Amino acid sequence: MQIEIVKAIYESIDFINSEKDEDASLIEKALEEKLFSEGGSLSSIEFVNFIVSLEDNIGKEFNKRIGLISEEAFSSASNPFASVGDLAIYIEKLLVAQQ
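We now turn to the structure provided with this report. (Residues numbered from 1 in each chain as written. Predicted model: local features only at pLDDT ≥ 70, side-chain atom pairs only at ≥ 80, totals over all residues. Heavy atoms only, no water.)

1. Details of helix 1 (residues 2-19)
Phase 1: The end-to-end C-alpha distance of helix 1, which contains 18 residues, comes to 26 Å, matching closely the 26 Å that a straight helix rising 1.5 Å per residue would cover.
Phase 2: For helix 1, the complete set of buried residues consists of Ile5, Val6, Ala8, Ile9, Ser12, Ile13, Ile16 and Asn17. (Helix = DSSP H or I, 4+ residues; strand = E, 2+ residues; numbered from the N terminus. Expected span 1.5 Å × (residues − 1). Buried < 20%, exposed > 50% of the residue type's maximum accessible area, 1.4 Å probe, protein only.)

Structural data, given as structure tokens:
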């Protein structure tokens, strides 16, 4: 399951990178890449677009609808959006909870 989740995350990173200006820094496709945290690669608007894209990619890959944004996600002691790896773990938990 993790491989498919990371693939969906990387597809959303590709989408965000394709929307960036030619001279802008691109988001790397690596598990340790910081996303939406201190020193993260995503601006607020990019974060929203990334989440919409990712929810769509997860829906296509797993034939399930999940909502990544919740009060629980933002009130958690650890930020599930801090890095690609953290996000993959969070998504796996959400998908397992739906089974």
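2. Some thoughts on helix 4 (residues 84-97)
Phase 1: The end-to-end C-alpha separation of helix 4 is 20 Å, in line with the 20 Å expected for 14 residues at 1.5 Å each.
Phase 2: The inward-facing, buried residues of helix 4 contact helix 1, helix 2 (44-62) and helix 3 (71-75). (Contact = heavy atoms within 4.5 Å.)

3. Concerning the packing of helix 1 against helix 4
Phase 1: As a packed pair, helix 1 and helix 4 sit with axes 9 Å apart at the nearest point and diverge in direction by 125°. The orientation of helix 1 with respect to helix 4, classified from their angle, is oblique. Note on packing geometry: the crossing formed by helix 1 with helix 4 is right-handed. Contacts between helix 1 and helix 4 involve Gln2, Ile5, Val6, Ile9, Tyr10 and Ile13 on the former and, on the latter, Val84, Leu87, Ala88, Ile89, Ile91, Glu92 and Leu95.
Phase 2: Partitioned by chemical class, the residues of the contact of helix 1 with helix 4 number 11 nonpolar, 1 polar and 1 charged. (Axes fitted to C-alpha atoms, helices over the stretch in contact; angles between N-to-C directions. Parallel < 35°, antiparallel > 145°, perpendicular 65-115°, else oblique. Left-handed = near helix turned anticlockwise from the far one by under 90°. Nonpolar A, V, L, I, M, F, W, Y, C, P; charged D, E, K, R; others polar.)

4. Description of the pattern of salt bridges
Phase 1: Tallied over the entire structure, the rule returns 4 salt bridges.
Phase 2: With a shortest N-O distance of 3.7 Å, glutamate 61 and lysine 7 are connected by a salt bridge. Of this pair, glutamate 61 sits in helix 2 while lysine 7 is found in helix 1, placing the two residues 54 residues apart along the sequence.
Phase 3: Under the relative-accessibility criterion, lysine 7 is labelled partly exposed at 44%. (Salt bridge = Lys/Arg side-chain N within 4 Å of Asp/Glu carboxyl O.)

5. Some words on the packing of aromatic side chains
Phase 1: In the structure shown here, the tally under the stated rule is 3 aromatic pairs.
Phase 2: With a centroid separation of 5.8 Å and an interplanar angle of 70°, the aromatic rings of phenylalanine 81 and tyrosine 90 are classed as edge-to-face. The exposure classification of phenylalanine 81 matches that of tyrosine 90, with both residues buried.
Phase 3: Taken together, the ring pairs in this structure connect Phe36, Phe47, Phe81 and Tyr90 into an aromatic cluster. (Phe/Tyr/Trp six-rings, centres within 6.5 Å; stacked < 30°, edge-to-face > 60°.)

Note that all results are geometric; they support no functional claim without further evidence.
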